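Structural overview
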Amino acid sequence: MSSDGHEPTTMTFELLKTAVKDGGARLGRLALSGRRTVETPNFFGLTSRGVIPHVTPDNVEKHLLTNGTYMALEDFIERPQQYMTRSPPVYDTPSPTNKPLQSFTAMPSSIITVLGSRRLPAVAAPMGNTNQSISVFTSTGFQAITTKQYINAIQTLNPDIAIPLADLTHKTSAPTSKRALRMAERTDDWIREWFTEMYGPNTEPSKIATFAPVLPISYSIQWEYLERLSEEHQSNPSVLSGLAVYDADLIPDISSSYQNLDTLPRLALTTPSNPHQVLRQLSLGMDIFLLPFLSTASDAGIALSFTFPPPSSESSELLPLGIDMSSPEHATSLQSLTESCTCYACTTHHRAFVQHLLSAREMLGWTLLQIHNHAVLASFFASIREALADGTFEEKARQFALRYEPEIPQGLGERPRARGYHFKSEGPGEQKRNKPVWSKFESEKKIEDKVADLRIEDEQSGTSGLGSGVDSVTETPLVPDENADAKKLQERGFAEKVEEKEEKK
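Rules used throughout
- Residues numbered from 1 in each chain as written.
- Predicted model: local features only at pLDDT ≥ 70, side-chain atom pairs only at ≥ 80, totals over all residues.
- Heavy atoms only, no water.
- Pairing = 2+ DSSP bridges.
- Helix = DSSP H or I, 4+ residues; strand = E, 2+ residues; numbered from the N terminus.
- Axes fitted to C-alpha atoms, helices over the stretch in contact; angles between N-to-C directions.
- Expected span 1.5 Å × (residues − 1).
- Buried < 20%, exposed > 50% of the residue type's maximum accessible area, 1.4 Å probe, protein only.
- Disulfide = S-S within 2.5 Å.
- Salt bridge = Lys/Arg side-chain N within 4 Å of Asp/Glu carboxyl O.

With respect to the sheet that holds strand 3 (residues 38-40)
Strands sit in the order 1-2-3 across an open sheet of three strands; the sheet is antiparallel. At either margin of the open sheet sits one strand with a lone partner, and together these are strand 1 (11-18) and strand 3. When the angles between neighbouring strand axes are averaged without regard to direction, this sheet yields 15°. The pairing of strand 2 (residues 26-32) with strand 3 spans three bridges and is antiparallel. Note that in strand 3 the partner of Leu 30 across the bridge is Val 38.

Let's talk about helix 12 (residues 363-390)
In this model, helix 12 (28 residues) spans 41 Å end to end at C-alpha, consistent with the 40 Å of a helix rising 1.5 Å per residue. Most of helix 12 sits inside the fold, with 21 of its 28 residues counted as buried.

Thoughts on the environment of Ala 184
By the element assignment, Ala 184 lies in helix 4 (residues 177-199). The spatial distance from the C-alpha of Ala 184 to the C-alpha of Gln 222 is 5.4 Å, given a sequence separation of 38 residues.

Overview of the state of the cysteines
All chains considered together, the criterion is met by zero disulfides. Cysteine Cys 341 shares no disulfide, and the gap to the nearest cysteine sulfur, in Cys 343, comes to 3.4 Å. Under the relative-accessibility criterion, Cys 341 is labelled buried at 15%. Summary of cysteine pairing: Cys 346 is not part of a disulfide, and the nearest cysteine sulfur, belonging to Cys 343, is at 3.7 Å.

Notes on the pattern of salt bridges
Where charged atoms from two side chains of opposite charge come close, those side chains can pair. Counted according to the given criterion, the structure contains 19 salt bridges. Note that Arg 35 is salt-bridged to Asp 160, the shortest N-O span being 2.9 Å. Of this pair, Arg 35 sits in the loop between strand 2 and strand 3 while Asp 160 is found in the loop between helix 3 (147-157) and strand 9 (161-162), placing the two residues 125 residues apart along the sequence. Both residues of the pair, Arg 35 and Asp 160, count as buried. Put simply, Arg 36 and Glu 61 hold a salt bridge, and the shortest N to O gap is 3.6 Å. Of this pair, Arg 36 sits in the loop between strand 2 and strand 3 while Glu 61 sits in helix 1 (residues 57-63); the two residues are 25 residues apart in sequence, bridging distant segments of the chain. According to the relative accessible area criterion, Arg 36 is partly exposed, its value standing at 23%. Overlapping salt bridges, with partners in common, bring together Arg 26, Asp 262, Arg 266 and Asp 287 in one network.

Below, the structure written as structure tokens:
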């Protein structure tokens, strides 16, 4: 126990090495009781409604080299209008290990679960936040969740790591100075309530590890909030286990101003869009990443192909960060997805098979790509840790930047069906996100177009109806002759003659 009688959390973080004396990229080890040990720098999987897209929980254990997953509370608390008072099923899940979130999602017990309020990236809410609540986007629409409700949800679901509420806009534009100040003040009030409810003198101290949010605003606006975090951690280290950072550029200010916060693990909520941005944020001192581009690439049919360090070559041509597996050029290729990869997808299947699956829109295609892309990222971070250990990280990162293209290919294949809770409607005139499953034959479309042209000609000429020209483009219906006998009707397919049978007496 700590000096004030509080039982510490079961999470520990040990810094092994830093690339430079005052901050920068660093090696570490994060450990939680009963979970896999996480060597940092590393990445956690991003989930949608509690699962890593395209991969079932048993395959997460078998094939994905990930040690943790990030989940969003808004994925589980939808309230249909006809059942507004119903408790979300996730809250009533029986769990023999007292881990309802892990039991509800069937996530392997060796995987660390991180629970936050919003998805990553989050959809901006039209109504904004209040002093006591934030807006979340569930599968049935936007709704408000109060700070008290959020704390109760965390205590009920009992994740391994929890991220307290932060007042965020989730918009691409920077907030005004007035809005940024309100963000800092609200988050400061909410973190005080969090510490009181989770670790207060009148409550049983929580064993959930708290990763306090660091807001995406300037250090000068939120320094008082960061000062509170430092003081709380100084007086009782068990109440604060890490930082959830929304802007990597704030790390140098935190490292130079708060030495006790500098030793905490940092979880990136910065949504980097490519490995170049990952290396930059890692060089600033980020430890654990959440990477939306991983699943985005899989959905687009892209097999990630980058390695760290990059392969040596005399050619000055930039290498692609990924390969579009939906391209017809792979239709007869018996190569693995990438040459050096040893994942399940690359050792069991070839490009032609994956290309066929994507063309046929078979789920297995995206599953194999997801397994492969996770393996590429796992190898990428493992090589980074080796470079940090032997002191060659900075040189290899420079080579990587010079050797690879700046962005991951977009991919020309058809994506899986988009879900309504992944984006906000833009209003009238918005194009459909999903293509129709069924469509008319080309010949039918041509007939309809010709009929439409004839209608226009009739309107211009002043004639009534569709005009005589319609007969040439539409099929004449078959009508039986009213004077025809049963035999002729049967021959033309209008009727079927039934023989009468005498009833047996």
